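# Overview (structure and organization)
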Amino acid sequence: MSLTEPRLLVQISDTHILPEGCWLDDLVDTAQALREAVRRVQMLRPRPLGVLITGDLVEGGSAAAYRHLRRLLAPLDMPVWLLPGNHDDRALLRSAFPDHDWLQARASGAFIQYTVDLPGLRLVTLDTVVANASHGSLCNDRLDWLDHTLGQAQDVATMIAMHHPPFATHIGHMDAMGLREGANRLADIVARHRQVERIVCGHIHRSVQRRLAGTVVMTVPSTAHQIALQFGTTTGCFTLEPPALALHVWHSGPDIVSHHLPVGHFPGPFRFA
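Below is a summary of the structure that appears in this document. (Residues numbered from 1 in each chain as written. Predicted model: local features only at pLDDT ≥ 70, side-chain atom pairs only at ≥ 80, totals over all residues. Heavy atoms only, no water.)

### Structural notes on the pairing of strand β11 (residues 215–219)
For β11, a buried count of four out of five residues is recorded, marking the element as mostly surrounded by other parts of the structure. Pairing of strand β9 (residues 196–201) with β11, which is carried by four bridges, proceeds in the parallel orientation. Within β11, the residue paired with Ile 199 across the bridge is Val 217. Bridge count for strand β10 (residues 208–212) against β11 is five bridges, and the pairing is antiparallel. Paired with Val 208 across the strands is Thr 219, a residue of β11. Connecting β10 to the next strand, β11, in antiparallel fashion are two residues, including Ala 213 with a positive phi near 55 degrees. (Buried < 20%, exposed > 50% of the residue type's maximum accessible area, 1.4 Å probe, protein only. Helix = DSSP H or I, 4+ residues; strand = E, 2+ residues; numbered from the N terminus. Pairing = 2+ DSSP bridges.)

Here's what the structure looks like:
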């Protein structure tokens, strides 16, 4: 990589993969959607440093779904970092990816939290999953680990990744299954660790941004279906709006810029006349 080339980290989320041959609600082929996202990632230049997937990797937490997910991700010739969402099962995820050392770093059943050191950026993941529930939580054990981990590298630009966003979106049914515990303490920790440049999340199936504790928090769309933008309602609906991914781009770390990139087949690019 030349000194003039930016560094790229891809973020995709909420892939909701099912066992091979199954569609979500007989409407969404989540596997084909992920194939399209993988193809889009492979076309990126410069080559990304890796792909981060921020939870809801599969739809039902079955071994067959995780095996299917692994096959779909296999064409990526770069590191892939996974974290669980509320649709995931930690034990089955670890079993399906035994070669991913960062997944196996803690005892079976413990939280999936780890760090990745990239050129100019440190990635820190947080596990927000509550077993057998849709909402998320950050208990003191998870947040103590975060506080300690951030304290180890205070001079390195850092990105925190988690599934449930630590803020309300005003999409009523999604906020009802949001982060119910730990958001305030998370904000206190981030406020003390000024190297945190981004908090990136999934769960919402939409692009949403907010400032929090002196940094930027953002969610990204799903690679498949999106949550309908309906404010205040308690009824959950999804749409087939275009899927998308995020590209986090930087040179030295503190200059992180995040791009929203739709996934699909579109005319262009065309030169301006």
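### What to know about the nonpolar core
Taken as a class, soluble globular proteins show a tendency for nonpolar side chains to be buried jointly. If you look at the biggest cluster of nonpolar residues, it comprises 52 residues, and the most contacted ones within it are Leu 34, Val 51, Leu 69, Leu 73, Trp 81 and Leu 82. Leu 150, Met 162, Ile 171 and Val 217 belong to the second-largest nonpolar core, a separate cluster that totals 26 residues. (Core = buried A, V, L, I, M, F, W, Y, C linked by side-chain atoms within 4.5 Å.)

### So, unusual backbone geometry
The omega torsion across Arg 45 and Pro 46 is 0 degrees, close enough to zero to call that bond cis. Assignment of secondary structure puts Pro 46 in the loop between α1 (30–43) and β2 (50–54). Residue Pro 269 is bonded to the preceding Gly 268 through a cis peptide linkage, with omega at 5 degrees. Position of Pro 269 relative to the elements: it lies in the segment after β15 (257–262). One non-glycine residue, His 203, lies in the positive phi region at around 75 degrees. Position of His 203 among the secondary structure elements: in the loop between β9 and β10.

### Comments concerning the packing of aromatic side chains
Per the counting criterion, the structure on display carries one aromatic pair. Pairing Trp 102 with Tyr 114 gives two aromatic rings, centres 4.7 Å apart and planes at 40 degrees, and the pair type is tilted. With Trp 102 in the loop between α3 (90–96) and β4 (115–118) and Tyr 114 in the loop between α3 and β4, this residue pair connects regions lying twelve residues apart in the sequence. The residues Trp 102 and Tyr 114 share a single accessibility class, namely buried. (Phe/Tyr/Trp six-rings, centres within 6.5 Å; stacked < 30°, edge-to-face > 60°.)

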